[in-house]
Each structure stands twice: as structure tokens, then as C-alpha cells.
Amino acid sequence: MQKWVCTICGHIYDPAEGDPERGFAPGTSFEDLPETWTCPECGAAKSDFEPL
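A quick note: this is a predicted structure, and the numbers were derived from the prediction, not measured. (Residues numbered from 1 in each chain as written. Predicted model: local features only at pLDDT ≥ 70, side-chain atom pairs only at ≥ 80, totals over all residues. Heavy atoms only, no water.)

Turning our eyes to something else, we now look at the overall build of the protein. Along the backbone of the protein there are zero helices and three strands. A compact globule built from 52 residues would reach a C-alpha radius of gyration of about 10 Å, and the protein, at 10 Å, matches this within 12%. Seen through its principal axes, the protein has C-alpha atoms that stretch 25 × 20 × 15 Å. Approximately 3200 Å² of the protein is accessible, and the part contributed by carbon and sulfur atoms is 50%. (Helix = DSSP H or I, 4+ residues; strand = E, 2+ residues; numbered from the N terminus. Rg over C-alpha atoms; globule rule 2.2 N^0.38 Å. Areas by Shrake-Rupley, 256 points an atom, 1.4 Å probe, with all protein chains shown as cover.)

Here it is as C-alpha cells:
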């Protein structure tokens, strides 16, 4: 699965890890995150992420 990086702070969203603290289980692809999802590190919008 494709990893994505926040262009603001450099946080990497890894689908294998998901975002369990915010209710997104491991295996959740970036595309399946809602548009309202934000970077867990800096709060940047989903649109601020690029494929790694």
C-alpha cells in the first residue's frame, strides 16, 4: 500500500499502521480516509499530503 507524507510537517501516513488513535484501523488506505481527516502531528488537511 502507498505511503503518504504531509508536506507541512513530514508526518508519514502508513496504511499498514492506519490511525487507530482516531478510529482508523491498520489496513485503511489513504484514499479511504474521509476528506475531513487531518494530519495527527500538525493538523494539516488531507489535501496537504503527497504520495511517498
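Let us now look at the nonpolar core. By size, the foremost hydrophobic cluster in this structure holds nine residues: Trp4, Cys6, Tyr13, Phe30, Leu33, Trp37, Cys39, Ala44 and Phe49. Excluding anything up to four places from it in sequence, Tyr13 contacts Lys3, Trp4, Gly18, Asp19, Thr28, Ser29, Phe30, Leu33, Trp37 and Phe49. (Core = buried A, V, L, I, M, F, W, Y, C linked by side-chain atoms within 4.5 Å. Buried < 20%, exposed > 50% of the residue type's maximum accessible area, 1.4 Å probe, protein only. Contact = heavy atoms within 4.5 Å.)

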